[in-house]
Every structure is written in C-alpha cells, then in structure tokens.
Amino acid sequence: MTISGSRPEVPGLVDRYGRVATDLRVSLTDRCNLRCTYCMPAEGLPWLPKSEVLTDDEVVRLVGVAVRLLGVTEVRFTGGEPLIRPGLLGIVAAVAALTPRPVLSLTTNGIGLDRLAGPLRAAGLDRVNVSLDSLDPDRFTALTRRPRLRAVLDGLAGAVAAGLAPVKINAVLMRGVNDGEAPALLRFALEHGYELRFIEQMPLDAQHSWDRSTMVTAEEVLAALRAEFTLLPDPAERGGAPAETWLVEGWTTPDGRPARVGVIASVTRPFCGDCDRTRLTADGQVRNCLFALEESDLRTALRGGADDEELARRWRVAMWGKRAGHGIDDPSFLQPVRPMSAIGG
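These numbers were taken from a predicted model, which means no experiment stands behind them.

Conventions we followed
All residue numbers refer to positions counted from 1 along the written sequence of the respective chain. Local features in a predicted model are, by the rule used here, given only for residues with pLDDT of at least 70; side-chain atom pairs are given and counted only at 80 or more, and totals for whole chains, interfaces and linings are based on all residues. Hydrogens and water molecules were not included; the side-chain quantities draw on all heavy atoms of the structure. In this text, helices come from DSSP runs of H or I with a minimum length of four residues, and strands from runs of E with a minimum of two, each type numbered from the N-terminal end. The contact criterion used is simple: two residues touch if any of their non-hydrogen atoms lie within 4.5 Å. By nonpolar core we mean a set of buried residues, namely Ala, Val, Leu, Ile, Met, Phe, Trp, Tyr and Cys, connected to one another through side-chain atoms within 4.5 Å. Buried, partly exposed and exposed residues are distinguished by accessible area as a fraction of the type maximum, computed with a 1.4 Å probe on protein chains only: under 20%, between the cut-offs, and over 50%, respectively. Stacked, tilted and edge-to-face pairs are distinguished by plane angle, under 30 degrees for stacked and over 60 for edge-to-face with tilted covering the rest, among Phe, Tyr and Trp rings (Trp via its six-membered ring) whose centres lie within 6.5 Å. When DSSP finds two or more bridges between two strands, those strands count as paired.

(A) Quick peek at the environment of Leu113. Take Leu113: it is sitting in helix α3 (residues 113-123). Taking the C-alpha atoms as reference points, Leu113 and Ala157, separated by 44 residues in sequence, lie 8.9 Å from one another. Apart from the residues lying within four places of it in its own chain, the contact partners of Leu113 are Leu83, Thr108, Leu120, Val128, Val130, Gly155 and Ala159.

Shown next as structure tokens:
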C-alpha cells in the first residue's frame, strides 16, 4: 500500500509504503582487520579520515535521538569491524542507559571477542552475530586473507561464556569456494548451541565484481541441508526479521528450545515489504536502504548546532523517501558506490 499525499504527522520513521523503521544499524567504523574476498580487495580500501567519523559522543547523541524521538527499539552496532572501535565499550554503556532502553546487539568477525565479550555484556550488550564462512583453516585463510580461524572460534566460545545469547553465526557461501560446507556449518552450530544464518551474497563488494550466476541461492543452501537434516516449518512469526527460519528436527538449544536455522535470501526472496531498518554510517549519514543510492547528512547538521528535534526531523524526511524495494532484479539496478564495509550490515 502506498500512502498518498505528504508525510503524516507521526513521530516515527514511516515511509510512503506504510513501513515503520524501529531497527537501527549503526556503523562504528569502516575499517576491518580481515580482507574477505567478497567484500574488499587484498590491499584494503581508502579509509574515512578521522575528522569525518562521528565521535563517541556524536554516535550516542544520534542513537539517543532515534530511541527517544523516533521510536527505535533495537540498535545493532556494525562496521567494518566494530570491535576495533576504541570507544566501543563506552558507546554500548551509554546507549544501554537510554530511556526507553533499546535491545542492543553487535555484528562482528569475532576476532578479539574472547577478550571483549565479558566487558561488552557488563556494558549492556544483549547478543552478538559472528561471521564465519568456513570451518576449514586453509579455506578460511583463503577467504579472509588472514589465518585467524582459531581466533573466531575462541570469540564464539567467549560470547557464550559471557551470556551473549543467542549467539548467531552468519555464513556466506560462494560457488566453487565453500558451497560444500553448508551441512558441516549447521552441524557445528547445532553441536555448540549457536544459531546459524546463511546469507545470499549481495552486490555490495568494493570491487563491483558480484555476479548473480555465481551466487549460491537460498534454494541451493536448503537442498544441501535437507540432504542431511530434516527441516520443519517454523511456526514463529517472522515479522520484519530478514531471516526465514526452519526448525531442525531432533535438535534443541542448550536451554531446551527447538534448534533453528535461517536463510537470508536478500536477492532471490527479497523481504523489502516488511523491512523495518534504518542505517547510520560511521560518518553520520542516514541510509534508508542497504542498497540506497542517496544518503542524508546528519553529521553536518549536528556539528552545525542543530538541536535534537531538527535532527529527528531530517531523519524522518530521509526515511519518507525510501523506495519500495532494492530493485536487484530490475535491469536499471545500480550497485551502491559504498561497499558493505563502509555502509554497515
């Protein structure tokens, strides 16, 4: 349904299609300590100048505007790699102290999480998503260009020990690289009590080399899993969650709940009609869609003296212009200039 006329006078982040954004993804840095082949070149990327990156206080202020004035109830910290942000613990603690308190999560590659999981939990973090695309050390090194698989596995274990539950794993499969690992990744997750999510590779790489014909689809992932596991329909309401989930027959979580596996089929089964997300980049730009070609600058207004009400107004305007869908299947689709590492997941 399209809302005709001008934007209604409501406080939340509503768009022309009746969607309301309540989930904020906050990128804390565009830098990363891995060089995943589907994300960036081996030499890395030109990083944002420090002067352009939001300070810790600026991040907390903008998140506070979103929570207090715009109806945001969930905040996820992303990167780049958010664990390398020096002020991370202070940011998490300050956001956890907001009223109303949002649910706080973080997406990470897991390197250093064994050391930081406890302090993050103490600061107020509720849970984590950890990226893990291979359990084979040599393949992991080839994919990430860093021999750090053990550090990621230690990070996962540290997250469990700290109580950051449920601990979720994000995996991207690539044809001819790690596409044979779907069952092994699921068995690993089930045996350790993690929740696994397979994500279709999206056109968000810095090299702009994404090719749909080489992408491993949701249907292919599910077929590989069903060869070794029985997957049952999940009766739980999906809502605005990006993952479509299934129950894995015969498996339960450590606390006795049915074990689940999910697939985020952003390309072949887009869920744009139920999207409830808004994004803030590390340099203070609002993105109303992961694939948006335009951004709305909050940093300049914030540093120019705008009050919270004005920042909220600008954010509402940015979200009102959100498109109906990302349009990957449209012949006119253009990949965003910014890669995933600079947008935030």
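(B) Molecular detail of the nonpolar core. In this structure, Phe77, Phe198 and Trp315 are the most contacted members of the largest nonpolar core, which totals 94 residues. The element best represented in this core is helix α1 (residues 56-69), accounting for seven residues. If we ignore the near neighbours within four places in the chain, the residues touching Phe77 are Val26, Leu28, Pro82, Ile91, Val92, Val95, Leu104, Ser105, Leu106 and Thr107.

(C) Representation of the packing of aromatic side chains in the model. For the structure on display, the rule yields one aromatic pair. Seen in terms of ring centroids, Phe188 and Tyr194 are 5.7 Å apart; in terms of plane orientation they differ by 50 degrees. Their pairing is tilted. Overall, Phe188 belongs to the buried group, its relative accessible area being 15%. The class for Tyr194 is buried, based on a relative accessible area of 7%.

(D) Region of the structure containing the sheet that holds strand β11 (residues 258-264). Here we have twelve strands laid out as an open sheet, ordered β9-β10-β11-β8-β7-β6-β5-β4-β3-β12-β13-β14, and mixed in their pairing. Edge positions in the sheet fall to β9 (231-233) and β14 (296-297), since each has one partner strand and no second. Note that strand β12 (residues 277-280) and strand β13 (residues 285-287) share two bridges and pair antiparallel. Looking across to β13, one finds that Arg279 is bridged to Arg287.

Scope: geometric values only; no functional claims are made or implied.
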